[in-house]
Amino acid sequence: QVQLVESGGGLVQAGESLRLSCAASRSITSFNAMAWYRQAPGKQRELVARIPSGGRVSYADSVKGRFTISRDNARNTPYLQMNSLKPEDTARYYCNVAINWHDYWGQGTQVTVSS
């Protein structure tokens, strides 16, 4: 079992930046993929960015060029650098790590972007 805890969310104005972090309750030595998802009120959870083990990073079209996912190589947890934030980026952001093809999720961190 792994517990994930996100941090770094907050209230910002359009055009500003935030960096989200994900902490794990134990060391993750191997993984299938790690990712960030988000869910806005009344909408389905959507994939924002993903790093598969040994594969190419992918992004949702809506965040390409603005968001960057990276990995803490020691802890195998993801970061999400979010630049040029827009009001439509407002959502709860969730860290996801797949270990032995089992998905682990954090409780999420709220990001609110005002216009």
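So, here is what we can say about the structure in this document. (Residues numbered from 1 in each chain as written. Predicted model: local features only at pLDDT ≥ 70, side-chain atom pairs only at ≥ 80, totals over all residues. Heavy atoms only, no water.)

## Let's talk about the sheet that holds strand β7 (residues 67–72)
Point 1. Overall, antiparallel pairing links the four strands, which are arranged β1-β3-β8-β7 in an open sheet. Single-partner strands in this sheet number two, and they are β1 (4–7) and β7. Between one strand axis and the next, the sheet turns by 20° as a mean value, whatever way the strands run. (Pairing = 2+ DSSP bridges. Helix = DSSP H or I, 4+ residues; strand = E, 2+ residues; numbered from the N terminus. Axes fitted to C-alpha atoms, helices over the stretch in contact; angles between N-to-C directions.)

## A word on the environment of valine 57
Point 1. By the element assignment, valine 57 lies in the loop between β5 (46–52) and β6 (58–59).
Point 2. For the pair valine 57 and serine 70, spaced 13 residues apart in sequence, the C-alpha separation works out to 9.0 Å.
Point 3. Ignoring sequence-local partners within four residues, the contact set of valine 57 consists of Arg50, Ile51, Pro52 and Ile69. (Contact = heavy atoms within 4.5 Å.)

## As for the pairing of strand β10 (residues 102–105)
Point 1. Pairing between strand β9 (residues 91–99) and β10: four bridges, direction antiparallel. Within the sheet, the bridge partner assigned to isoleucine 99 lies in β10 and is histidine 102.

## Digging into the environment of leucine 11
Point 1. Structurally, the position occupied by leucine 11 is in strand β2 (residues 10–13).
Point 2. Separated by 49 residues in sequence, leucine 11 and alanine 60 have C-alpha atoms that sit 22 Å apart.

## Brief notes about the pattern of salt bridges
Point 1. Scanning the entire structure with this criterion turns up five salt bridges.
Point 2. The salt bridge involving arginine 38 is made with glutamate 46; its shortest N-O contact spans 2.6 Å.
Point 3. Here arginine 38 falls in the buried class, since its relative accessible area comes to 5%.
Point 4. One salt bridge in this structure joins arginine 38 and aspartate 89, with 3.0 Å as the shortest N-O distance. Linking arginine 38 in strand β4 (residues 33–39) with aspartate 89 in the loop between β8 (77–82) and β9, this pair joins segments that are 51 residues apart in sequence. (Salt bridge = Lys/Arg side-chain N within 4 Å of Asp/Glu carboxyl O. Buried < 20%, exposed > 50% of the residue type's maximum accessible area, 1.4 Å probe, protein only.)

## Comments concerning the state of the cysteines
Point 1. All chains considered together, the criterion is met by one disulfide.
Point 2. Cysteine 22 shares a disulfide with cysteine 95; S-S distance 2.1 Å. Every disulfide takes its handedness from the sign of the S-S torsion; for cysteine 22 and cysteine 95 that torsion is -80°, giving left-handed. Here the residue cysteine 22 occupies a position in strand β3 (residues 18–24), and cysteine 95 occupies one in strand β9, the gap between them amounting to 73 residues. (Disulfide = S-S within 2.5 Å.)

## Notes on the side chain of arginine 66
Point 1. Of note, arginine 66 is situated in the loop between β6 and β7.
Point 2. Note on arginine 66: relative accessible area 10%, which makes it buried.
Point 3. Non-local contacts of arginine 66, meaning those with residues more than four positions away in its chain, are made with Gln81, Met82, Asn83, Ser84, Leu85, Lys86 and Asp89.

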